[in-house]
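# Descriptive structure summary
Residue strings, one per chain:
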Amino acid sequence: MVELTATAPAKLFGLYPRKGTIAVGSDADVVLFDAGRSHVISAANQHGNCDFTLFEGREVTGTVRKVFLRGELIVDGDQWLGRTGAGQYVARGESGGW
């Protein structure tokens, strides 16, 4: 799952090894994912600044339980704990760098 959701996209978009791996010098955000829990997708329960989702009302299996950004808990269940401006720009390298 890590290869499909983190490592391969980071390589494809020229961000590996800065993203897509947990290693010294990498910038990894860690997501704890519950693969067995179902939920209904809705813009009302998203943590982004958008009032629309193409997947509105769709029931899916699997949900994010916690997200850590540089070691800081920023999502705990349905609760957003992050701070505006806490993200950092990561410059890309050459795309497709396998």
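Residues numbered from 1 in each chain as written. Predicted model: local features only at pLDDT ≥ 70, side-chain atom pairs only at ≥ 80, totals over all residues. Heavy atoms only, no water.

## Structural notes on the overall build of the protein
A count of helices and strands for the protein gives one helix and four strands. When the helices and strands of the protein are read in sequence order from the N terminus, they spell out α-β-β-β-β. Over its C-alpha atoms, taken along the principal directions, the protein stretches across nearly 40 × 25 × 25 Å. Considering the protein as a whole, with its 98 residues, one finds that 20% of them fall into the buried category. Across the protein, every contact between residues at least 6 apart in sequence was considered, and the portion connecting residues at least 24 apart equals 50%. Accessible surface, the protein: about 7200 Å² in total, of which carbon and sulfur atoms supply 56%. When the 10 basic and 11 acidic side-chain charges of the protein are each reduced to a single mean position, those positions are 5 Å apart. (Helix = DSSP H or I, 4+ residues; strand = E, 2+ residues; numbered from the N terminus. Buried < 20%, exposed > 50% of the residue type's maximum accessible area, 1.4 Å probe, protein only. Contact = heavy atoms within 4.5 Å. Areas by Shrake-Rupley, 256 points an atom, 1.4 Å probe, with all protein chains shown as cover. Lys, Arg positive; Asp, Glu negative; His and termini not counted. Charge placed at Lys NZ, Arg CZ, Asp CG, Glu CD.)

## What to know about the environment of His47
By the secondary structure assignment, His47 is in the loop between strand E1 (29-40) and strand E2 (59-69). Between the alpha carbons of His47 and Gly82 there is a distance of 9.7 Å; along the sequence they are 35 residues apart.

## Digging into the pattern of salt bridges
For the coordinates displayed, the defined rule picks out five salt bridges. Here Asp27 and Lys19 are joined by a salt bridge, their closest N and O atoms 3.4 Å apart. Taking relative accessible area as the criterion, Lys19 reaches 21% and is therefore assigned partly exposed. Among the salt bridges present, the one from Arg83 reaches Glu72, with a minimum N-O distance of 3.5 Å. Within this pair, whereas Arg83 is found in the segment after strand E4 (79-80), its partner Glu72 is found in strand E3 (residues 72-76), the two being separated by eleven residues in sequence. A single network of salt bridges, built from pairs that share partners, joins Lys19, Asp27 and Asp29. (Salt bridge = Lys/Arg side-chain N within 4 Å of Asp/Glu carboxyl O.)

## Thoughts on the sheet that holds E4
Spatially, four strands are ordered E1-E2-E3-E4 in an open sheet, and the strand pairing comes out antiparallel. In this open sheet, the two edge strands, each paired with only one partner strand, are E1 and E4. Of the pairings in the sheet, the one linking E3 to E4 comprises two bridges and is antiparallel in character. Within the sheet, the bridge partner assigned to Asp76 lies in E4 and is Gln79. (Pairing = 2+ DSSP bridges.)

## Focus on the nonpolar core
Counting residues in each nonpolar core, the largest one holds five residues, listed as Val67, Leu69, Ile74, Val75 and Ala86. Elements that contribute at least two residues to this core include exactly E2 and E3. In this view, Ala86 contacts Leu69 and Arg70; residues no more than four positions away in its chain are not counted. (Core = buried A, V, L, I, M, F, W, Y, C linked by side-chain atoms within 4.5 Å.)

The values are spatial; any link to function lies outside them.
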